[in-house]
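# Inside the fold
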Amino acid sequence: MKYTYIANWKMNLSYAESIDYSIHNQHQLKALSQDGNIILCPSFVALAPIIEIFKNSTVSIGAQTCSEYQSGSYTGEVSAQSLAEMGVTHCFVGHSERRIYFRETTDKIIKKTNLLLENNIQPIICIGETQEQFEQNATLTILTEQLRPIIESIQHTDKPFMIAYEPIWSIGTGVVPESSYLEEVFEWLRKLTRSHRSHYSIQLLYGGSVTEKNISLLKKISHIDGFLIGNASTRIDEFARIIGATHT
Ligand code: PGA
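Throughout, a residue's number is its position along its own chain's written sequence, starting from 1. Totals for whole chains, interfaces and linings use all residues, but because this is a predicted model, local features are given only for residues with pLDDT of at least 70 and pairs of side-chain atoms are given and counted only at 80 or more. Hydrogen atoms and water are omitted, and side-chain values are computed over all heavy atoms in the structure.

### A short note on the pairing of strand S4 (residues 90-93)
Taking every second residue as pointing to the same face, both faces of S4 are buried, with His 90 and Phe 92 on one and Cys 91 and Val 93 on the other. Only strands joined by at least two bridges in the DSSP assignment are considered to pair. To qualify as a helix, a DSSP run of H or I must reach at least 4 residues; to qualify as a strand, a run of E must reach at least 2; elements of each kind are numbered from the N terminus. Looking at chain direction, strand S3 (residues 60-63) and S4 are connected through two bridges and run parallel. Following the sheet pairing, Gly 62 is matched in S4 by His 90. You can see the chain leave S3, run along helix H3 (residues 80-86) and come back into S4, and the turn it takes is right-handed. Here four bridges tie S4 to strand S5 (residues 122-127), and the two strands are oriented parallel to one another. Three labels apply to residues, based on accessible area from a 1.4 Å probe with only protein chains included: buried if under 20% of the type maximum, exposed if over 50%, partly exposed otherwise in between. Seen with its strands pointing away from the viewer, a crossover is right-handed if its path from the first strand over the helix to the second goes clockwise.

This is how it looks when you write it as structure tokens:
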């Protein structure tokens, strides 16, 4: 199967570093995009030049966030419409870092998701539980709370979107959940999304400390369509090995 690989550079690569990475590795990334759907997500300022570098290729470019407002006097914000006009095809909503550091609430996530879909940008809806919630066996309750209102708000459209399950305790920590645990969560997620959108397949992604060391194991898990990769995606050799890894 052709997995999706989303590189979330966060604020880890500067403007110059993002462009350098893209220029130097463009041929390799274009070749790798035969094996997997690659989506690079630099910060806002690097979007335009990177879209230019990868135009006429199968490498897609995504944004890390967008405004919850359509347009207007919102100093510093970037609208979904602007992103679409630039050629952005995907955008995160509800990443745990946005929820924690920038108070991205479910209400805001719903507004962003709807604006993105109206502008034909695929939202990548990020969900995940804290360490404490995990220890209390509350994962599925938390994921339901996070996901249900968002999915219900987009019932009217059959445009594609992605759901990224990222346990907060796994992001940037080097800790990845047990395979049996991931099997359970992804089977549950698949059932939940099917009950909402039987006519459309929604891509399900895993994110949190994905590396070249654990990718083969992760590729064995059923119902995972792709991966959201933070740290490891900023190193091209490792990113390439993650894409090239087989699940044996
Ligand atoms: P990580 O980040 O791969 O560095 O853990 C993943 C993410 O936050 O999307």
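Now that the structure has been shown, the text picks up again.
### With respect to helix H2 (residues 44-53)
An α-helical turn contains 3.6 residues, so any two residues separated by three or four positions project in the same direction. Three or more residues of H2 are buried, namely Ala 46, Leu 47, Ile 50, Ile 51 and Ile 53. Buried residues of H2 fall within an arc of 145° about the axis and therefore sit on the same side. On its buried face, H2 is in contact with helix H1 (15-32), S3 and H3. As used here, the arc belongs to the directions running from the helix axis to the C-beta atoms. It only takes one pair of heavy atoms within 4.5 Å for two residues to be counted as in contact.

### Overview of the pattern of salt bridges
The salt bridge criterion pairs a side-chain nitrogen of Lys or Arg with a carboxyl oxygen of Asp or Glu, the two atoms within 4 Å. A complete count under the given rule lists nine salt bridges for this structure. Lys 111 serves as the salt-bridge partner of Asp 107, at 3.5 Å between the closest nitrogen and oxygen. Taken as a pair, Asp 107 and Lys 111 lie in helix H5 (residues 106-118) at a separation of four residues, close to a single helical turn. The class for Asp 107 is partly exposed, based on a relative accessible area of 46%. Assessed through its relative accessible area of 36%, Lys 111 is described here as partly exposed.

### Regarding the environment of Gly 36
Note that Gly 36 resides in the loop between H1 and strand S2 (37-41). With a relative accessible area of 0%, Gly 36 lands in the buried category. Linking Gly 36 and Gly 244, residues 208 residues apart in sequence, is a C-alpha distance of 8.6 Å.

### Focus: the site of the ligand
The ligand sits among Asn 8, Lys 10, His 95, Glu 166, Ile 171, Gly 172, Gly 208, Ser 209, Leu 228, Ile 229, Gly 230 and Asn 231. Polar contacts, as used here, are pairs of N or O atoms within 3.5 Å; protein pairs need one atom able to donate a hydrogen and one able to accept it. Residues neighboring in sequence count only if both atoms are side-chain atoms. Interatomic distance of 2.7 Å between a side-chain N/O atom of Lys 10 and an oxygen atom of the ligand. Throughout, the Shrake-Rupley method with a 1.4 Å probe supplies accessible areas, and for residues the shown protein chains are the sole cover considered. Starting from 280 Å² of accessible surface for the ligand in isolation, the protein chains cover 98%. For this classification, Asp, Glu, Lys and Arg are treated as charged, while Ala, Val, Leu, Ile, Met, Phe, Trp, Tyr, Cys and Pro are nonpolar and the rest, including Gly, are polar. Here the residues of the shell around the ligand sort into three nonpolar, seven polar and two charged. By convention in this text, a residue qualifies as near a molecule or strand provided that one of its non-hydrogen atoms is within 4 Å of it.

### What about the nonpolar core?
Nonpolar cores are built from buried Ala, Val, Leu, Ile, Met, Phe, Trp, Tyr and Cys residues. Side-chain atoms within 4.5 Å join them into one set. One finds Leu 40, Phe 227 and Phe 239 to be the most contacted residues of the largest nonpolar core, which totals 65 residues. With six residues, helix H8 (residues 179-196) is the largest single contributor of residues to this core. Dropping the residues within four chain positions of it, Phe 239 is found in contact with Tyr 5, Ala 7, Tyr 21, Leu 29, Ile 38, Leu 40, Ile 229, Ala 232 and Ser 233. Counting residues in hydrophobic clusters, the runner-up holds 10 residues, among them Ile 6, Ala 164, Leu 205 and Leu 228.

### A short note on unusual backbone geometry
Non-glycine residue Asn 120 carries a positive phi angle of around 60°. Within the secondary structure, Asn 120 sits in the loop between H5 and S5. Asn 120 gets classed as exposed once you look at its relative accessible area, which sits at 58%. You will see that Ser 209, though not glycine, has its phi angle at about 55°, which is positive. Along the chain, the position of Ser 209 falls in the loop between strand S7 (203-207) and helix H9 (215-218).

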